[in-house]
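# Secondary and tertiary structure notes
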Amino acid sequence: QVQLVESGGGLVQAGGSLRLSCAASGTIFSINLMGWYRQAPGKQRELVAAITSGGSTNYADSVKGRCTISRDNAKNTVYLQMNSLKPEDTAVYYCAAHNVHTKYGPSGDYWGQGTQVTVSS
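This text gives an overview of the structure that appears in the document. Starting afresh in each chain, residues are numbered from 1 along the sequence in its written order. The predicted origin of the model limits local features to residues at a pLDDT of at least 70 and limits the giving and counting of side-chain atom pairs to 80 or more, whereas totals for whole chains, interfaces and linings rest on all residues. Heavy atoms throughout the structure, all of them, feed into the side-chain values; hydrogens and water do not.

## Details of the overall build of the protein chain
Here is the rule: Put simply, DSSP marks the helices as runs of H or I at least four residues long and the strands as runs of E at least two long, and each gets a number from the N terminus on. Just to be clear, the radius of gyration here is over C-alpha atoms, and the globule rule we use is 2.2 Å times residues to the power 0.38. For each residue, the accessible area found with a 1.4 Å probe, counting protein chains only, is set against the maximum for its type, and the residue is called buried under 20%, exposed over 50%, and partly exposed in between. Contacts: residue pairs with any heavy atoms within 4.5 Å of one another. Using a 1.4 Å probe, accessible areas were evaluated by the Shrake-Rupley method; residue-level cover was limited to the displayed protein chains.
Counting secondary structure elements, the protein chain contains zero helices and eleven strands. Moving toward the C terminus, one meets the helices and strands of the protein chain in the order β-β-β-β-β-β-β-β-β-β-β. Rg of the C-alpha trace for the protein chain: 14 Å, near the compact-globule value of 14 Å for 121 residues, within the 12% margin. Considering only C-alpha atoms, the protein chain reaches an extent of 50 × 25 × 20 Å along its principal axes. For the protein chain, buried positions account for 43% of its 121 residues. Nonlocal contacts in the protein chain, meaning residues at least 24 apart in sequence, comprise 56% of its contacts between residues at least 6 apart. Carbon and sulfur atoms make up 48% of the accessible area of the protein chain, which totals about 6,300 Å².

Printed below as a string of structure tokens:
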């Protein structure tokens, strides 16, 4: 079984910064892609940023230049540094691990429970 646990969310004023962390645990052999998604009230979940095991990254246009995703493959941990936060960044942020391989073989995708980020104006 694979579990993802996020941390680092909270309340911040506009213009401030937050760093989200997500640690994956379990009998993990490798994780191809790790990502951060967010869902605001009344809206669909959307990709914020993703990073491959090789370090290639992809960002939503709305966060380019303000957010940086990184990962520590040895720790199966992914981070999201968010700067210059705006009220429209307010959402529940979810961590995901895609195409996970455990010691038992391919295991699929996993999601964290989510962490609230609230940006006040």
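Structure shown, so let's carry the discussion forward.
## A word on unusual backbone geometry
A negative phi holds for most residues other than glycine; trans holds for most peptide bonds. With a phi angle near 50°, Asn76 is a residue other than glycine that sits in the positive phi range. As for its position among the elements, Asn76 is in the loop between strand E7 (67-72) and strand E8 (77-82). Judged by its relative accessible area of 17%, Asn76 is buried. Even without being a glycine, Asn99 presents a positive backbone phi close to 55°. In this fold, Asn99 is placed in strand E9 (residues 91-102). Looking at Asn99, the relative accessible area reads 37%, which means it is partly exposed.

## So, the state of the cysteines
Every disulfide links exactly two cysteines, by a covalent bond between their sulfur atoms. Stated formally: Note on disulfides: each one is a pair of cysteine sulfur atoms within 2.5 Å.
Counted by the stated rule, this structure contains one disulfide. With a sulfur-sulfur separation of 2.1 Å, Cys22 is cross-linked through a disulfide to Cys95. Across the S-S bond of Cys22 and Cys95 the torsion is about -80°, and the bridge reads as left-handed. Taken together, the positions of Cys22 in strand E3 (residues 18-25) and Cys95 in strand E9 put the pair 73 residues apart, joining distant regions of the chain.

## With respect to the pairing of strand E4 (residues 28-39)
Put simply, the rule is: By this definition, two strands are paired if DSSP reports at least two bridges between them.
Bridge count for E4 against E9 is ten bridges, and the pairing is antiparallel. For Gln39, the partnering residue across the bridge sits in E9 and is Val92. When E4 meets strand E5 (residues 46-52), the two strands line up antiparallel, connected through six bridges. Looking at E5, one finds that Trp36 is bridged to Ala49. Between E4 and the antiparallel strand that follows it, E5, lie six residues; Gly42 among them carries a positive phi value of about 80°.

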